[in-house]
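Summary of structural features
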Amino acid sequence: MAEHVDNSDPKGESLMEKIADKFYGHDSSSDSDTETKNPAVKPEVEAAEPSSVKNTVWRLFGREKPVHKVFGGGKPADVILWRNKKISATVLGGATAIWVLFELLEYHLLTLICHILIINLAVLFLWSNATTFINKKSPHIPEVHIPQDPILQVASALRIEINRALALLREIASGRELKKFLAVIAGLWILSIVGSWCNFLTLFYISFVLLHTVPVLYEKYEDKVDPLAEKAMHEIKKQYAVFDEKVLSKIPRGPLKDKKRE
């Protein structure tokens with residue numbers, strides 16, 4: 001009797017296991033099928049969402065690169081964006097000291113250069129002669145040479161920018177682009193007004209300070225600035241479209257513009 005019970009238990013257990021495998025195996029297979037199907041759909045949805053978000057992001061001046069890359073991505077960009085605060089503060093402090101000397105104290109450039117040379121030459125001359133009496137080593141005066149490659153690179157970059165400016169002025173003067181013509185005239189008019197308020201040195205110092213403050217502030221708050229700038233640009237385009245329809249479209253174009261249309 002005991003043997004019969006012992007022999008029947010494995011059969012009952014095997015039967016229950018088969019039923020459980022059929023019942024739960026179907027659910028697990030269906031779940032696995034849905035899981036195998038869903039991951040194929042999820043990456044497409046997840047991949048589509050960032051692309052749509054990326055396409056809707058609007059940046060100031062239509063830029064696609066980070067602010068650091070816009071400024072060249074090198075040491076000048078690090079100084080402008082305050083990556084190294086000591087160097088940036090030193091550059092800005094030096095510019096401020098120069099502005100105070102020439103503008104507030106009314107120092108002249110030639111006078112400043114002569115005084116600096118007089119002090120340095122006098123100190124080095126007395127120090128070199130004093131070492132013979134106190135039996136000490138004379139000061140080491142390094143040899144200073146202006147390298148050729150950086151000067152050529154700066155001159156080449158300056159030449160390219162000047163040629164671009166001249167080409168732009170020629171294009172505007174020939175009557176091809178009315179929009180650029182109005183923009184340049186407005187910019188020169190604003191610059192003339194600002195120039196009547198202050199001299200060239202003060203204007204250069206203000207530009208230098210803005211160059212070292214505005215980009216770093218924009219980089220910090222660009223997510224808040226870009227939406228406001230986008231709204232402003234849409235409003236400007238609307239106003240320009242109205243102005244173009246009522247005024248600019250009635251102005252006769254230059255001969256080069258007519259030839260281009262033909």
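Conventions used here
Residues numbered from 1 in each chain as written. Predicted model: local features only at pLDDT ≥ 70, side-chain atom pairs only at ≥ 80, totals over all residues. Heavy atoms only, no water. Helix = DSSP H or I, 4+ residues; strand = E, 2+ residues; numbered from the N terminus. Buried < 20%, exposed > 50% of the residue type's maximum accessible area, 1.4 Å probe, protein only. Contact = heavy atoms within 4.5 Å. Patch = residues over 30% accessible without salt bridge, like charges linked within 9 Å, V, L, I, M, F, W, Y side chains within 5 Å. Areas by Shrake-Rupley, 256 points an atom, 1.4 Å probe, with all protein chains shown as cover. Salt bridge = Lys/Arg side-chain N within 4 Å of Asp/Glu carboxyl O. Axes fitted to C-alpha atoms, helices over the stretch in contact; angles between N-to-C directions. Left-handed = near helix turned anticlockwise from the far one by under 90°. Nonpolar A, V, L, I, M, F, W, Y, C, P; charged D, E, K, R; others polar. Expected span 1.5 Å × (residues − 1). Arc of directions from axis to C-beta. Parallel < 35°, antiparallel > 145°, perpendicular 65-115°, else oblique. UniProt positions renumbered as here; feature names shortened; annotations may be inferred. Phe/Tyr/Trp six-rings, centres within 6.5 Å; stacked < 30°, edge-to-face > 60°.

Remarks on the overall build of the chain
Each helix and strand counted, the chain has 11 helices and zero strands in total. The order of α-helices and β-strands along the chain, N terminus first, is α-α-α-α-α-α-α-α-α-α-α. Going through the 262 residues of the chain one by one, you find that 12% of them count as buried. For the chain, the proportion of contacts with a sequence separation of at least 24, taken over those separated by at least 6, is 57%.

What about a nonpolar patch on the surface?
On the surface, Phe181, Leu182, Ile185, Phe243, Val247 and Ile251 cluster together into a nonpolar patch covering about 470 Å² of accessible area. Mapping Phe243 onto the fold places it in helix 10 (residues 222–246). With relative accessibility at 39%, the residue Phe243 sits in the partly exposed group.

Focus on the packing of helix 6 (residues 148–173) against helix 7 (residues 178–197)
Contact geometry for helix 6 and helix 7: axes closest at 9 Å, N-to-C directions at 115°. The handedness of the crossing between helix 6 and helix 7 comes out as left-handed. Along its contact with helix 6, which presents Leu168, Glu171 and Ile172, the element helix 7 presents Lys180, Phe181 and Val184. Here the residues of the contact of helix 6 with helix 7 sort into four nonpolar, no polar and two charged.

Examining helix 8 (residues 200–211)
An α-helix turns once every 3.6 residues. As a result, residues three or four positions apart point the same way. Its 12 residues give helix 8 an end-to-end C-alpha distance of 16 Å, which sits within 8% of 16 Å, the value for a rise of 1.5 Å per residue. Residues Thr202, Tyr205 and Phe208 constitute the buried set of helix 8. For helix 8, the angular spread of the buried residues around the axis is 120°, confining them to a single face.

Remarks on the packing of helix 4 (residues 85–104) against helix 8
Two quantities define a packed helix pair, namely the angle between the helix axes and the distance between the axes. In contact at an axis separation of 11 Å, helix 4 and helix 8 are set at 165° when each is read in the N-to-C sense. Of the possible angle classes, the one that applies to helix 4 and helix 8 is roughly antiparallel. Classified by chirality, the crossing of helix 8 by helix 4 is left-handed. Residue-level contacts link Val91, Leu92, Ala95, Thr96, Trp99, Phe102 and Glu103 of helix 4 to Leu201, Thr202, Tyr205, Phe208 and Val209 of helix 8. Across the contact of helix 4 with helix 8, the residue classes break down as nine nonpolar, two polar and one charged.

Observations regarding the pattern of salt bridges
Under the criterion given, the structure shown has three salt bridges. As a salt-bridge pair, Glu219 and Arg83 come within 2.9 Å of each other at their nearest N and O atoms. One end of the pair, Glu219, is in helix 9 (residues 214–220); the other, Arg83, is in the loop between helix 3 (75–80) and helix 4, and 136 residues separate them in sequence. By relative accessible area, which is 44% here, Arg83 ends up partly exposed.

Topic: the UniProt feature "transmembrane region" (unreviewed entry) in the chain
UniProt feature "transmembrane region" (unreviewed entry): in the numbering of this structure it lies at residues 108–127 and 181–208. With 95% helix and 0% strand, residues 108–127 has its two end C-alpha atoms placed 29 Å apart. From the first C-alpha to the last, residues 181–208 spans 27 Å; its make-up is 93% helix and 0% strand.

Quick word on the packing of aromatic side chains
Evaluation of the coordinates by the stated rule reveals three aromatic pairs. On the numbers, 6.5 Å between centres and 25° between planes, the contact of Phe200 with Phe204 is stacked. Linking Phe200 with Phe204, this pair stays in helix 8, spanning four residues, or about one helical turn. One aromatic cluster in this structure is built from Phe200, Phe204 and Phe208.

Here we look at the environment of Leu210
Following the sequence through the fold, Leu210 ends up in helix 8. Looking at Leu210, the relative accessible area reads 46%, which means it is partly exposed.

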